[in-house]
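Chain by chain, the residues:
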Amino acid sequence: MENEATEDQIKAINEANDLPRDYDGAMKGLNCLMSNAASIANWKKERTTNKEATAEAAMNALLKRSNIDISNLSVIHITGTKGKGSTCAIIDSILRQFSLPTFLFTSPNLVHPRERLRFCGQSISKPLFALHFWKLWDSFFSTRSHPCDMPSYFRYLTLMFFSFCTTSDLSQISPSSSFSTALRPIILEVGIGGRTDPTNITPQTEVCGINIIDYDHCELLGNTLESIAWEKSGIFKPGCFAFSVDSQTKEVQKVLEDRAKEKQVFNNQITYTPTLPSNYHLTLDGAFQRDNAGLALEITKQYLTHHKIAIDEDKIKTGLYNAKWPGRAMELNNIKLSKSEDNIKLYLDGAHTINSVRECIKWYKSKHDIKEDKGEKRVLMFNCKQNRNARELMREVWKEGGASKGGNKGWDRVVFCNVGVGEDLGTEWQEKNREIWGELEEEYGKEGKKAETVVYGMIGKGLDDVLEYGRKNKGRRVEVLVTGSLYLVGGVLEVLIERGVLEESIVDL
């Protein structure tokens with residue numbers, strides 16, 4: 001597609017061109033494009049020979065082929081290793097209180113790709129998704145230089161978002177809403193890194209924000225915090241207002257400050273934001289969200305001031321209070337996985353780095369005294385991608401989750417589950433994780449209890465296991481922590497929606 005293609009890929013593209021021009025056809029067409037994993041692999045190869053390679057030329061060529069004009073967008077751009085999605089959602093929530101028509105682009109999605117393209121907190125509708133997908137498809141298909149000259153999955157969705165926010169008639173998207181200004185805030189969450197990310201193609205940005213920098217995607221961004229910070233601060237644009245959380249390391253701050261001068265941001269300096277002051281109430285759970293909210297608050301105030309919109313503290317407080325970000329520090333009480341069972345409580349957090357898992361466990365422990373046995377049963381539902389350090393992630397869950405050496409009450413059952421929703425994806429990696437868990441029990445839990453462990457190749461079977469465990473423990477609270485992968489969290493929500501347990505609106509803001 002964006003590289004050499006196989007005969008199967010060529011066939012898939014040609015067959016997709018004959019699909020019905022509706023939403024179902026659009027989804028099939030989208031899924032035949034180059035996957036994120038394949039795109040990253042190609043990008044890694046390119047970076048080995050060209051360290052200065054950027055996505056700018058490729059994205060500009062795609063914008064030209066699709067006739068999308070992004071020259072006048074009013075952009076807020078957010079990157080970081082953790083919390084960037086939450087920060088975007090909080091910014092969106094506050095700006096909506098000022099009757100501004102917000103467009104929000106985030107990734108990855110939890111349940112369906114429409115979540116990535118939002119207007120005023122709501123996912124793009126199926127008809128509009130299909131409209132923009134097929135409009136772009138026809139443009140790209142008709143201008144191919146070779147049979148698979150089509151954008152990759154992530155680039156395609158990024159371009160769809162730009163088409164959505166630049167060409168949409170607001171009265172058609174939201175007929176019941178009225179907006180007092182022509183201003184359209186465009187809130188972009190970076191996919192990976194910043195400098196080379198497809199979202200970094202906008203010619204100007206008004207406000208940039210950088211959440212905490214941590215180790216992630218090191219094969220692309222480098223093996224030091226300094227190199228990762230250098231890549232992420234590539235979103236800085238001349239004249240933009242630059243912000244970052246004040247909890248960055250001194251080494252990261254030095255990189256950000258140097259890059260702010262190099263990129264000639266406003267006043268050649270970056271502003272550091274404290275955690276959200278105590279007089280602001282945040283519904284989003286988890287102590288770490290207050291750092292994200294502190295960054296979002298200052299970015300939003302700067303954006304409003306830049307556009308000469310009066311700061312209304314009541315509207316800001318309402319926006320903070322109403323902010324949602326599903327899949328992170330998320331509680332679901334009394335989940336009825338069947339008509340007869342309601343003793344199951346789910347805690348879901350898509351944490352997938354060591355520090356984010358550590359924060360997830362802090363949040364989980366804050367919900368109850370994990371050392372006190374009140375008769376409840378504790379279940380861990382876990383998955384992580386194979387490029388993650390599963391041992392270190394599970395070590396944090398094991399040690400901090402209460403099952404530390406000394407016999408504290410820990411996990412009663414651990415469900416290692418692959419992320420398949422409609423199909424069984426196998427259990428080879430899950431079996432390896434179970435083996436690692438057993439080693440951790442030997443290392444840390446010799447004096448404590450050992451958890452029952454099971455493995456499944458698809459999420460539905462994992463949830464059925466939890467349901468059966470709930471039946472066996474009727475009359476006792478069964479608390480289930482789902483973590484290690486945002487794809488696992490999203491898959492759990494998707495299965496619960498399919499089963500009628502949850503409404504699809506659970507992923508709306």
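Please read these numbers as outputs of a predicted model, since none were measured by experiment.

Turning next to the overall build of the protein. Looking only at helices and strands, one finds 18 helices and 14 strands in the protein. Within the protein, buried positions represent 57% of all 509 residues. Considering only residue pairs separated by 6 or more positions, the protein has 76% of its internal contacts joining residues 24 or more positions apart. Only carbon and sulfur atoms are counted for the fraction: they give 47% of the accessible area of the protein, which is about 21,100 Å².

What follows covers the pattern of salt bridges. Per the counting criterion, the structure on display carries 28 salt bridges. The partner of E359 in a salt bridge is K362, and the shortest N-O contact between them spans 3.5 Å. A residue pair is termed a helical-turn pair when its members lie 3 or 4 positions apart in one helix, as E359 and K362 do in helix α14 (residues 354-366) at three residues. What emerges from the salt-bridge pattern is a single network uniting D285, E331, K345 and K367.

Attention shifts here to the nonpolar core. In terms of nonpolar packing, the biggest core is built from 47 residues, with F129, W137, F161 and F162 touching the most fellow members. Contributions of two or more residues to this core are made by α1 (7-16), α2 (23-31), α4 (56-66), β2 (103-105), β3 (117-119), α6 (126-142), α7 (153-167) and β5 (185-189). With 10 residues, the top contributor of residues to this core is α7. When neighbours within four sequence positions are excluded, F129 is seen to be in contact with Y23, A26, M27, L30, P113, R114, I124, L157 and M160.

Relative orientation of the contacting elements helix α5 (residues 84-96) and helix α12 (residues 288-306) amounts to 45°, with a least axis distance of 8 Å. The angle between α5 and α12 falls in the class oblique. Judged by the sense of rotation from one axis to the other, the crossing of α5 with α12 is right-handed. On α12, the residues that touch S86, T87, I90, I91, I94 and L95 of α5 are Q289, N292, A293, L295, A296, I299, T300, Y303 and L304. Its residues assigned to classes, the contact of α5 with α12 shows 10 nonpolar, five polar and no charged.

In helix packing, the relevant descriptors are the interaxial angle and the interaxial distance, both defined with respect to the helix axes. The N-to-C vectors of helix α10 (residues 225-232) and helix α11 (residues 250-262) enclose an angle of 30°; their axes lie 9 Å apart at closest approach. In terms of axis orientation, α10 runs roughly parallel to α11. Here the hand of the crossing between α10 and α11 comes out right-handed. Where α10 abuts α11, its residues L225, E226, A229 and W230 lie against E251, V252, V255, L256, R259 and E262.

It is worth spelling out the environment of T199 at this point. Summarising the element assignment, T199 is placed in the loop between β5 and β6 (207-210). Taking the C-alpha atoms as reference, T199 lies 9.9 Å from I78; in sequence the two are 121 residues apart. Beyond its immediate stretch of four places on either side in the chain, T199 contacts H77, F105, F154, T158, L188, E189 and V190. Here the side chain of T199 touches D197 through a polar contact of 2.5 Å, side chain to side chain.

This next bit is on empty space enclosed by the protein. Gaps left between atoms show up when a probe the size of a water molecule is rolled over them. Per the stated rule, a full pass over the model turns up one cavity of 30 Å³ or more. Approximately 60 Å³ is the volume attributed to the largest cavity. Contributing to the lining of the largest cavity are T106, P108, N109, L110, E115, R118, W325, P326 and R328. Considering only residue class, the lining of the largest cavity consists of four nonpolar, two polar and three charged.

On to unusual backbone geometry, then. A cis amide bond links S107 with the next residue in sequence, P108, at an omega value of -5°. Looking at the secondary structure, you find P108 in the loop between β2 and β3. With a phi angle near 60°, N67 is a residue other than glycine that sits in the positive phi range. By the secondary structure assignment, N67 is in the loop between α4 and β1 (74-79). Judged by its relative accessible area of 68%, N67 falls in the exposed class. For S99, which is not glycine, the phi torsion reads 60° and is therefore positive. Considering the arrangement of structural elements, one finds S99 in the loop between α5 and β2.

Counted residue by residue, strand β10 (residues 344-348) has five buried out of five residues, so it is predominantly covered. Residues I344, L346 and L348 of β10 are buried on one face, and the alternating residues K345 and Y347, pointing to the opposite face, are buried as well. Where β10 lies against strand β14 (residues 478-483), five bridges are found, and the strand directions are parallel. What sits directly across from L348, in β14, is V482.

So, about α11. An α-helix turns once per 3.6 residues; consequently, residues spaced three or four apart project the same way. Here α11 is 13 residues long and its end C-alpha atoms lie 18 Å apart, about the 18 Å a rise of 1.5 Å per residue gives. Of the residues making up α11, those classed as buried are V252, Q253, V255, L256, R259 and A260. When α11 is viewed along its axis, its buried side chains cluster within an angular range of 160° and face the same direction. Exposed side chains of α11 directed beyond 90 degrees from the buried face belong to K250, K261 and E262. Buried residues belonging to α11 abut β6, α10, β7 (241-245) and β8 (270-273). Once α11 ends, the next one or two residues include Q264, with phi positive near 60°.

Here is what the cut-offs are and how they apply
- Residues numbered from 1 in each chain as written.
- Predicted model: local features only at pLDDT ≥ 70, side-chain atom pairs only at ≥ 80, totals over all residues.
- Heavy atoms only, no water.
- Helix = DSSP H or I, 4+ residues; strand = E, 2+ residues; numbered from the N terminus.
- Buried < 20%, exposed > 50% of the residue type's maximum accessible area, 1.4 Å probe, protein only.
- Contact = heavy atoms within 4.5 Å.
- Areas by Shrake-Rupley, 256 points an atom, 1.4 Å probe, with all protein chains shown as cover.
- Salt bridge = Lys/Arg side-chain N within 4 Å of Asp/Glu carboxyl O.
- Core = buried A, V, L, I, M, F, W, Y, C linked by side-chain atoms within 4.5 Å.
- Axes fitted to C-alpha atoms, helices over the stretch in contact; angles between N-to-C directions.
- Parallel < 35°, antiparallel > 145°, perpendicular 65-115°, else oblique.
- Left-handed = near helix turned anticlockwise from the far one by under 90°.
- Nonpolar A, V, L, I, M, F, W, Y, C, P; charged D, E, K, R; others polar.
- Polar contact = N/O pair within 3.5 Å; in protein donor to acceptor, adjacent residues only side chain to side chain.
- 1 Å grid on protein atoms, 1.4 Å probe; cavity = no way out; pocket = protein on both sides within 12 Å on 5 of 7 lines; lining within 4 Å.
- Points joined across faces, edges and corners; volume = space filled by probe spheres on them.
- Pairing = 2+ DSSP bridges.
- Expected span 1.5 Å × (residues − 1).
- Arc of directions from axis to C-beta.

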